[in-house]
Amino acid sequence: MTAMGTRTDEDGEQLRRLLAVTDSALSRLDIDDLLTELVSRTRELMGTDTAAILLLDSSGRELVATAACGLEEEVRQGVRIPVGEGFAGRVAASGQPLILHHVDRSTVINQILIDERLAVMAGVPITASGRVLGVLHVGSRTPRQFTDADIDLLRLVGDRAGMAAQARISRLDRQTTVALQRSLLPVRPPAIDGFDVAARYIPGAEVGVGGDWYDLFALPSGHISVVIGDVAGNGLRAAVVMGRIRSALRAYALETHDPADVLTRLDRKIQLFEPEAMATAAYAVIDPTHSTLTVSLAGHLPPILLDATGNARPVAVPPDLPLGAFPNAPRRATTVALPHALLLYTDGLVERRGQVITDSIADLLTTLTAGTADELCTQATGVLHHAPAADDVALIAVCRRQQP
Amino acid sequence: MELTISSHQQDGVLTIAVAGDLDLLTCPTLDTAILQALSTAGVTAVRVDLSSVEFLDSSAIALLLKGHRAAHERGIGYQVTGAQGVTRVVLEVTGVWEHLSGRPDDHQANQR
């Protein structure tokens, strides 16, 4: 009877613990409040003196105290623990639970834990999708045993915190990336005499905002540069690299008017300073008399030329390798008569599963008719109505204004 | 669609046969396979066989190109083979097929 009673109590306790950390009310909290609530409940459930959550910073090399109960000082001081060092650092490095039976300078590096006179500690990794994002630990000033059930509970809290931490990372990354994109890609490109210009940027359904960019600028010589490009990868990292490549291209455009030369210099810069990066780009230069267009392609789909009646065709330019693909890749430029309008776009506009890319491009050509630059962009993005793009889409249309 | 990768080695040539869709989600698997192949002792050339690949996006092109550069840096041969249909067209339109499908030392032949 007694044994039975104990069993039921244990089950009841387990259930109470489970409910406390999977409580759906938690998901309505802001992420920081959720982590704070989780450490508070953990401390209460386990009867420990402290509970704390440390999350990896963006470098992935240091843990930062993010939420704590009984150890608030740790968060206030923004304690940072290198991965592999101290108690939390070892839990993060191994990805395994760890119990500490003696807290002293040989086992921890955080002075606050010693000042708090903790006797024993237990910690588990916080993971999401198999990746360690941080560490949850509890501590007691009086000696105690941590049971398997205690570790299971910590793991459960760790999973819940992992979900929240991952959501926070992706939200922060996305907000920063969007802010960066907005600052670099003006919705309304600058006005250029004699031309009507419009651009679009549509984040992909699957990957979100990434490294696509467009650019348009007039040079002191009277040449006009039109650029579109796509940095491989997505998220904040791709957007940051995009920002650097975009600036470097502008700088080289001031040095030479040959688009192949500009892309060669840009490629050399990427090979040296961004060895991990790869990008495709189409770079077109309109001459000062507005009679020719010179184009060089780095692994990018050819821009589309339109005549005044709306006949569309891709510019016949042989593509060279993407930027950053291979050292000293030869680059070519082709000059054609400047048509009524041109449209540059990234592959997200025409990349369709189960469809040959040249067929998608042919569909795009038939969709385009004459009109303003804005109308051309609207016609082009019309191809996405039935099949939203998985990848980002960027496009820029440049039309000659009719002579008065 | 799932991605399946199988490798076999003969006379120093390690062939990675890829089947399925190569996109942002499946690329890391091939990335790992190529890097492993390049660091396998005794391998003098790596061949990536795309005969059974049905879709390939821009992230896959970047990956295949990175493999080429990594092989070149280690003095290991590298060749992408078997691309056909949808896959072949996308590699040709973006101008990387000639570079990936062979004769890396012949690169200058492209120059005009």
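Residues numbered from 1 in each chain as written. Chains lettered and ligands numbered in written order. Predicted model: local features only at pLDDT ≥ 70, side-chain atom pairs only at ≥ 80, totals over all residues. Heavy atoms only, no water.

**Here we look at unusual backbone geometry**
Excluding glycine, residues mostly have negative phi values, and the peptide bonds linking residues are mostly trans. Residue and element names in this part refer to chain A. Just so we agree on the cut-off: Strands are runs of DSSP state E lasting at least two residues, helices are runs of H or I lasting at least four, and both sets are numbered from the N terminus onward. Burial here depends on accessible area, computed with a 1.4 Å probe over protein chains only, as a share of the maximum for the residue type. Under 20% is buried, over 50% is exposed, and the range in between is partly exposed.
If you check the backbone angles, R117 has positive phi at about 55° while not being a glycine. Summarising the element assignment, R117 is placed in the loop between α5 (111-115) and β5 (120-128). Assessed through its relative accessible area of 67%, R117 is described here as exposed. Notably, N328 is not glycine yet its phi reads approximately 55°, a positive angle. Relative to the assigned elements, N328 resides in the loop between β13 (312-314) and β14 (334-337).

**Observations regarding the sheet that holds strand β2 (residues 62-69) of chain A**
All names here are of chain A. In plain terms, the rule: For two strands to be treated as a pair, DSSP must find no fewer than two bridges joining them. To obtain an axis, a line is fitted to C-alpha atoms, over the contacting stretch when the element is a helix, and the angle between two such axes runs from 0 to 180 degrees between their N-to-C directions. Every residue pair with non-hydrogen atoms within 4.5 Å of one another is taken to be in contact.
One open sheet accounts for six strands, arranged β3-β2-β1-β6-β5-β4; its pairing is antiparallel. Taken across any chain shown, the strands that pair with only one partner, and hence form the sheet edges, are β3 (80-82) and β4 (98-100). When the angles between neighbouring strand axes are averaged without regard to direction, this sheet yields 25°. Where β5 meets strand β6 (residues 131-140), nine bridges bridge the pair, whose relative direction is antiparallel. Within β6, the position partnered with A128 by the bridge is R131. Sheet contacts for helix α6 (residues 148-184): β1 (50-56), β2, β4, β5 and β6; angle to β5, the most-contacted strand, approximately 45°.

**Description of the sheet that holds strand β9 (residues 224-234) of chain A**
Residues and elements named next belong to chain A. If you trace the five strands from one edge of the open sheet to the other, you get β8-β9-β10-β11-β14, paired in antiparallel fashion. One side of each edge strand has no neighbouring strand; the edge strands of this open sheet are β8 (210-218) and β14. Going across the sheet, the axis of each strand differs from the next one's by a mean of 15°, ignoring polarity. Bridge count between β9 and strand β10 (residues 279-286): eight bridges; the pairing is antiparallel. By the bridge assignment for β10, I228 is matched with A282. Relative to the sheet, helix α7 (residues 235-255) contacts β8, β9 and β10, its axis offset from that of β8 by approximately 20°.

**Let's talk about the interface of chain B and chain A**
The condition is simple: In short, buried area is how much 1.4 Å probe accessible area vanishes from two parts on joining, totalled over both. The rule for a salt bridge is simple: a side-chain nitrogen of Lys or Arg has to be within 4 Å of a carboxyl oxygen of Asp or Glu. Nitrogen and oxygen atoms within 3.5 Å of one another constitute a polar contact, given that in protein one can donate a hydrogen and the other can accept it, and given that sequence-neighbouring residues count only through two side-chain atoms.
Each partner contributes residues to the interface: chain B has 25 residues there, and chain A has 32 residues. Counting the surface lost from both chain B and chain A, the interface buries some 2400 Å², and carbon and sulfur atoms represent 66% of this. Sorting the residues of chain B by area buried against chain A places F55, R69 and V93 of chain B first, and these three jointly supply 24% of that buried surface. The tally of links between chain B and chain A comes to two salt bridges. Of the charged contacts in the structure, one is a salt bridge between R353 of chain A and D21 of chain B, with a shortest N-O distance of 2.9 Å. Across the chain B-chain A interface, the total number found is seven residue pairs in polar contact (both at pLDDT 80 or more). Contributions of two or more residues to the side of chain B that touches chain A are made by α2 (58-73) and α3 (85-93) of chain B.

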